[in-house]
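These are the residues of each chain, in order.
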Amino acid sequence: MAASIREKQTAALKRMLNFNAPPLKNTTAEPVWKVLIYDRFGQDIISPLLSVKELRDMGITLHLLLHSDRDPIPDVPAIYFVMPTEENIDRICQDLRNQLYESYYLNFISAISRSKLEDIASAALAANAVNLVTKVFDQYLNFITLEDDMFILCNQNKEHISYHAINKPDIMDTDMEAIMDTIVDSLFCFFVTLGAVPIIRCPRGNAAEMVAVKLDKKLRENLRDARNSLFTGDTMGTGQFSFQRPLFVLADRNVDLATPLHHTWTYQALIHDVLDFHLNRVSVDESQGSEASPAGARPKKKNKKSYDLTGADKFWQKHKGSPFPEVAEAVQEELDTYRAQEDEVKRLKSIMGLEGEDDGAISMLSDNTAKLTSAVSSLPELLEKKRLIDLHTNVATAVLDHIKSRKLDVYFEYEEKLMSKSTLDKSLLDIISDPDAGTAEDKMRLFLIYYITSQQPPSEADLEQYKKALVDATCDLSSLNYIKQWKAFTKMAATPANYGSSGVKPMGLFSRVMNTGSQFVMEGVKNLVLKQHNLPVTRILDNLMEMKSNPETDDYRYFDPKMLRGSESSIPRNKNPFQEAIVFVVGGGNYIEYQNLVDYTKARQGKRVLYGCSELFNAAQFMKQLSQLGQK
């Protein structure tokens, strides 16, 4: 199995923290103590990949933001990991003048321009610190890896490359160029880190095509300059990829606007939808117990508690793509097994305190020595297990509260039926006008999905009726204005996306979770099970990866940066199916699509698919962008 993008980016960071030398294998040597200085961009790249403990193991005693007040630490080397922006460069020059550190290792997240390098050089000269600037490196790490097979471009300033920014009606060409350059710069970093030159496919006539053209040009220029090419020599020789190059599919968010608005049913996507889930960290309001506060007292302030959901968390890795009811059952099972072990621990502890009491206890002790040692060794493990169980109990309970209070199961089931064009069991109007079902935003999302997926839009009279019901439910209709324009425009351009024949079948009531001893009170929540179906993005990938002929994708452009002359053609050179592919959505992505691709890949032996997007938004954030577009 080739190394995942998460492993590669982590390895690159570790190398950088070791003064750009490969980390030593024998860890007996004491690491060199050093300071890490990053900006917000650098922080976002490092935090999902390396924990504070791992940083400490690598000799990082302090990690500070570049633009914070930092005291001089004269006898320590400093590693900088920042974007090459004007204000960052100014601040570095200021550090040199103030002689903050013993030596400076400057690492730029993305390539630094010649002129800015000269600024640093002249500042170093003026400060008489030339010999202190030990190394300057371009790291090409300007993207954020969230999973083994998922990355996003940026988290800071993401509004600059958001769906809203790309689709503004009054956007200037120069702005559009700037947005595309930002996206391409990050994608270029991604391929440098991956160590592979892809074959690029994209649709015609939208933002995705602009990205493809620019990326092709940038890769090609780099390959042509053989002396400085980033794709030759030691990085490529290690054969991280099979002989075949990866396929890079650029999709545009406009292919499918329904999925980002869709209510979801899998664990990770639900957390992202209803809780505050950000760069693999989720924040949950802790309820302060249910006792009533005395009359007239202020309501207790809710505590926010953050949890990291990482690759090391086995439960998370196993269940992040499972339907929620399964997750609730699994948490309950883990709890039960843990409780059984807990009694064992208590028993062993009590045995230890029994020494001088009676002979029976002492004879027991000899048998129990072995048990005791195993208990001592397994205690830390049990405690870690308990921490993870508590974490998932809290997170799952928080999600469940949302599902129950907003009837999200009803929405999910209804939207799946809309998207798969199956028969509906109740009218849309009923759900919209039901005061108990969901928030105004939930209703608006449901209606937009109905509007996007309907073959012909509802008649004016019907639309008025819906609008009235939505307004009564205090919905903001500006997003509908935009979707209307979008639909009229795409109708001229293409047929609406087809969502495949998905379906949800309710299962019997929850077995384990319905019994009274359970943590999760699931009454009234439907136990829905997903049937595998492909979303539009997954279907596009499938056509291109398996070389299937399909009117949807036959017209996609084909770029191969390794071909000397950039010949414009949509005729693929190689006819074999691809083994590795990267799907990238320009204009933003979500965990629903990511999960759909993961499921698609699981069913195919030996295939690997990575998912990337310019930003990761949940439905609420996407609705906000649509509303802004609708108010124009």
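These numbers were taken from a predicted model, which means no experiment stands behind them.

A word on the overall build of the protein chain
Assigned secondary structure in the protein chain consists of 21 helices and 17 strands. Classification of the 632 residues of the protein chain by burial places 51% in the buried group. Intrachain contacts of the protein chain at a sequence separation of at least 6 include 79% that bridge at least 24 residues. Roughly 30000 Å² of accessible area belongs to the protein chain as shown, and the carbon and sulfur atoms make up 54% of that amount.

What about helix α20 (residues 591–602)?
With 12 residues, α20 extends 16 Å from end C-alpha to end C-alpha; this agrees with the ideal 16 Å at 1.5 Å per step. With respect to burial, α20 is a largely interior element, 10 of its 12 residues being buried. The backbone nitrogen of Ile-592 lies 3.2 Å from a side-chain oxygen of the residue at the head of α20, namely Asn-590.

Comments concerning the packing of helix α14 (residues 408–419) against helix α16 (residues 440–453)
Their axes nearest at 9 Å, the elements α14 and α16 cross at an angle of 10 degrees. Viewed along their axes, α14 and α16 adopt a mutual orientation that is roughly parallel. Residue-level contacts link Leu-408, Tyr-411, Tyr-414, Glu-415, Leu-418 and Met-419 of α14 to Asp-442, Lys-443, Leu-446, Ile-449, Tyr-450 and Thr-453 of α16. Considered class by class, the residues forming the contact of α14 with α16 number eight nonpolar, one polar and three charged.

Let's talk about helix α1 (residues 5–17)
Here α1 is 13 residues long and its end C-alpha atoms lie 18 Å apart, about the 18 Å a rise of 1.5 Å per residue gives. Listed in full, the buried residues belonging to α1 are Ile-5, Arg-6, Lys-8, Gln-9, Thr-10, Leu-13, Met-16 and Leu-17. Once α1 finishes, Phe-19 follows within two positions and takes phi at roughly 60 degrees, a positive value.

Some points on the sheet that holds strand β7 (residues 150–152)
Strand order in the open sheet formed by seven strands is β6-β7-β17-β16-β9-β8-β15, with mixed pairing between adjacent strands. Of all strands in the sheet, those with a lone pairing partner are β6 (144–147) and β15 (557–559), marking the two edges. On average, adjacent strands in this sheet sit at an angle of 20 degrees to one another, irrespective of strand direction. Along the sheet face, helix α7 (residues 173–194) touches β7, β9 (247–252), β16 (580–586) and β17 (608–613) and points at about 165 degrees away from the line of β16.

Let's talk about the packing of α7 against helix α8 (residues 207–224)
Direction vectors running N to C along α7 and α8 enclose 50 degrees, while the axes themselves pass 9 Å from each other. The angle between α7 and α8 places the two elements in the oblique class. Crossing handedness for the pair α7 and α8: right-handed. Facing Met-176, Glu-177, Met-180, Asp-181, Ile-183, Val-184, Asp-185, Leu-187, Phe-188 and Phe-191 of α7, the residues of α8 in contact are Ala-207, Met-210, Val-211, Lys-214, Leu-215, Lys-218, Leu-219 and Asn-222.

Remarks on empty space enclosed by the protein
In this structure the tally under the stated criterion is three cavities of 30 Å³ or more. As a volume, the largest cavity reaches approximately 80 Å³. Around the largest cavity, the lining comprises 13 residues; the ones closest to its centre are Ala-269, Asp-273, Ile-592, Asn-618 and Ala-619. The dominant element in the lining of the largest cavity, judged by the number of residues it contributes, is helix α10 (residues 267–274), at three residues. When its residues are assigned to classes, the lining of the largest cavity shows six nonpolar, five polar and two charged. Estimates place the volume of the second largest cavity at around 50 Å³. Lining the second largest cavity, in full, are Phe-41, Asp-44, Ile-45, Asn-142, Phe-143, Ile-144, Leu-153, Cys-154, Asn-155 and Gln-156. Grouping the constituent residues of the lining of the second largest cavity by class yields six nonpolar, three polar and one charged. No fewer than three residues from each of domain 1 (5–141) and domain 2 (145–255 + 535–630) sit in the lining of the second largest cavity.

Details of the environment of Val-609
Relative to the helices and strands, Val-609 is located in strand β17. Residue class for Val-609 comes out buried when judged on its relative accessible area of 8%. With 27 residues separating them in the primary sequence, Val-609 and Ile-582 have C-alpha atoms 5.6 Å apart. Among all residues touching Val-609, those that are not within four sequence positions of it are Asp-149, Leu-541, Met-545, Ala-581, Val-583, Leu-597 and Thr-601.

Conventions and cut-offs
- Residues numbered from 1 in each chain as written.
- Predicted model: local features only at pLDDT ≥ 70, side-chain atom pairs only at ≥ 80, totals over all residues.
- Heavy atoms only, no water.
- Helix = DSSP H or I, 4+ residues; strand = E, 2+ residues; numbered from the N terminus.
- Buried < 20%, exposed > 50% of the residue type's maximum accessible area, 1.4 Å probe, protein only.
- Contact = heavy atoms within 4.5 Å.
- Areas by Shrake-Rupley, 256 points an atom, 1.4 Å probe, with all protein chains shown as cover.
- Expected span 1.5 Å × (residues − 1).
- Polar contact = N/O pair within 3.5 Å; in protein donor to acceptor, adjacent residues only side chain to side chain.
- Axes fitted to C-alpha atoms, helices over the stretch in contact; angles between N-to-C directions.
- Parallel < 35°, antiparallel > 145°, perpendicular 65-115°, else oblique.
- Nonpolar A, V, L, I, M, F, W, Y, C, P; charged D, E, K, R; others polar.
- Pairing = 2+ DSSP bridges.
- Left-handed = near helix turned anticlockwise from the far one by under 90°.
- 1 Å grid on protein atoms, 1.4 Å probe; cavity = no way out; pocket = protein on both sides within 12 Å on 5 of 7 lines; lining within 4 Å.
- Points joined across faces, edges and corners; volume = space filled by probe spheres on them.
- Domains from an automatic or database assignment.

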